[in-house]
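A structural walkthrough
Below are the chains, spelled out letter by letter.
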Amino acid sequence: MTAAPIVTVIQARTGSSRLPGKVLLPLGGATVLERMLERVTRARRTGVVIVATTTARQDNQIEAAAHRAGVPCFRGHPEDLLDRHFQVARRLGAAHVVKIPSDCPLIDPAIIDRVIGAYMDDLGTYDYVSNLHPPTYPDGNDVEIMSFDALAIAWRAAGQSSEREHTTPFLWNRPGAFRVKNVCWESGKDLSQTHRVVLDYAEDYDVIRNVFDALYPDNPLFSLDEIVAYLDANPHIRGLNDRHRVGRSRLKVGARTQLATQGGL
């Protein structure tokens, strides 16, 4: 394979404990994963987009969905996502690695470009940039980018299971060792705990499906602003997954607390 300076990795598997097979659920005549890939591949700065799934037989369906979307697929370690990201980045000759989880099917391509731009437009200044520490965008718009060199250090040194399973904690949990930056929502708002369009539970799927069915026919690349406006205008839809908002990723909430203690980024 030819070298790719930027590789965007979409991590996906069928074995989710909370909602098994969630990325293969139907969404507008395709799978959730295919619809997400439509949006990710419309971002301008993603470089090579690739799905990274596991070697488990049930994840053959993930590979098939990726190929239907015209996106290559890498098969790697079932539990060690840090290794999975490192191996695909090394194989593709990546200098910079973008991480986007597959539970963000309505992610706005403009947000992807903004986070990548915050890293690439000041190239060499940061080892790791994200919009998660602390989060301000509605949950379901997660973007992280890091240098391959930083990823390689984490791959060699990370020893805790949480650091291997979640790929990037070794980097963002050590701001003294790595140069990190957070990208806040340019609107000045923080809807990270009030607007949830991430796919973890059946109720999340209900919200996502309603948003998609309402907005996609008029604009297949509907924006985050349109999503927020729809949810605000339809509180009965927005409230379907209310009980899961408090449970937003402990890693992200933990990072918020830690960075506040350390004076932020």
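**Observations regarding the packing of helix H8 (residues 202-215) against helix H9 (residues 224-233)**
The interhelical angle for the contact between H8 and H9, taken along N-to-C directions, is 110 degrees, at an axis separation of 11 Å. In this view, H8 runs roughly perpendicular relative to H9, as classed from their interaxial angle. Listed contacts from H9 to Val 207, Asn 210, Val 211, Ala 214 and Leu 215 of H8 are Glu 226, Ile 227, Tyr 230 and Leu 231. Along the lines of polarity and charge, the residues of the contact of H8 with H9 split into seven nonpolar, one polar and one charged.

**Quick look at the environment of Ala 52**
On the secondary structure map, Ala 52 appears in strand S4 (residues 48-54). In the structure, Ala 52 is positioned 33 residues away from His 85 in sequence and 7.4 Å away in space, judged by C-alpha atoms. Excluding residues within four positions of it along the chain, Ala 52 makes contact with Val 9, Ile 10, Gln 11, Ala 12, Phe 74 and Arg 84.

**Regarding the sheet that holds strand S6 (residues 96-101)**
Backbone-to-backbone hydrogen bonds join strands into a sheet, with any given pair of strands oriented parallel or antiparallel. Within the open sheet, the seven strands sit side by side as S5-S4-S1-S6-S8-S7-S9. Their pairing is mixed. Each edge of the open sheet carries a strand with a single partner, namely strand S5 (73-76) and strand S9 (180-182). Mean inter-strand twist for the sheet, computed between neighbouring axes without regard to direction, equals 20 degrees. Each of strand S1 (6-11), S4 and S6 is contacted by helix H1 (residues 32-40), which is oriented at about 160 degrees to S1, the strand it contacts most. Docked against the sheet, helix H5 (residues 148-157) engages S6 and strand S8 (144-147), running at close to 85 degrees with respect to S8.

**What to know about the confidence of the model for the protein**
On average, the protein scores 91 in pLDDT, and the residues at 70 or more come to 91%. Ignoring residues within four places in sequence, the model shows residues 247-265, a span with pLDDT below 50, making 32 contacts including any to other chains.

**Some details on H9**
Here H9 has its buried residues at Leu 224, Ile 227, Val 228, Tyr 230 and Leu 231. Projected down its long axis, H9 carries its buried residues within an arc of 160 degrees, all on one side. Relative to its buried face, H9 has exposed residues pointing more than 90 degrees away, namely Asp 225 and Ala 233. Residues of H9 that are buried make contact with helix H4 (109-120), H8 and helix H10 (235-238).

**What to know about the environment of Thr 31**
Within the secondary structure layout, Thr 31 lies in strand S3 (residues 30-31). We classify Thr 31 as buried; its relative accessible area is 9%. Sequence separation of Thr 31 and Ile 62 is 31 residues, and the distance between their C-alpha atoms is 9.8 Å. Once residues within four sequence positions are removed from consideration, Thr 31 is found in contact with Val 23, Leu 24, Leu 25, Ala 65 and Arg 68.

Conventions used here
- Residues numbered from 1 in each chain as written.
- Predicted model: local features only at pLDDT ≥ 70, side-chain atom pairs only at ≥ 80, totals over all residues.
- Heavy atoms only, no water.
- Axes fitted to C-alpha atoms, helices over the stretch in contact; angles between N-to-C directions.
- Helix = DSSP H or I, 4+ residues; strand = E, 2+ residues; numbered from the N terminus.
- Parallel < 35°, antiparallel > 145°, perpendicular 65-115°, else oblique.
- Contact = heavy atoms within 4.5 Å.
- Nonpolar A, V, L, I, M, F, W, Y, C, P; charged D, E, K, R; others polar.
- Pairing = 2+ DSSP bridges.
- pLDDT = per-residue confidence, 0-100.
- Buried < 20%, exposed > 50% of the residue type's maximum accessible area, 1.4 Å probe, protein only.
- Arc of directions from axis to C-beta.

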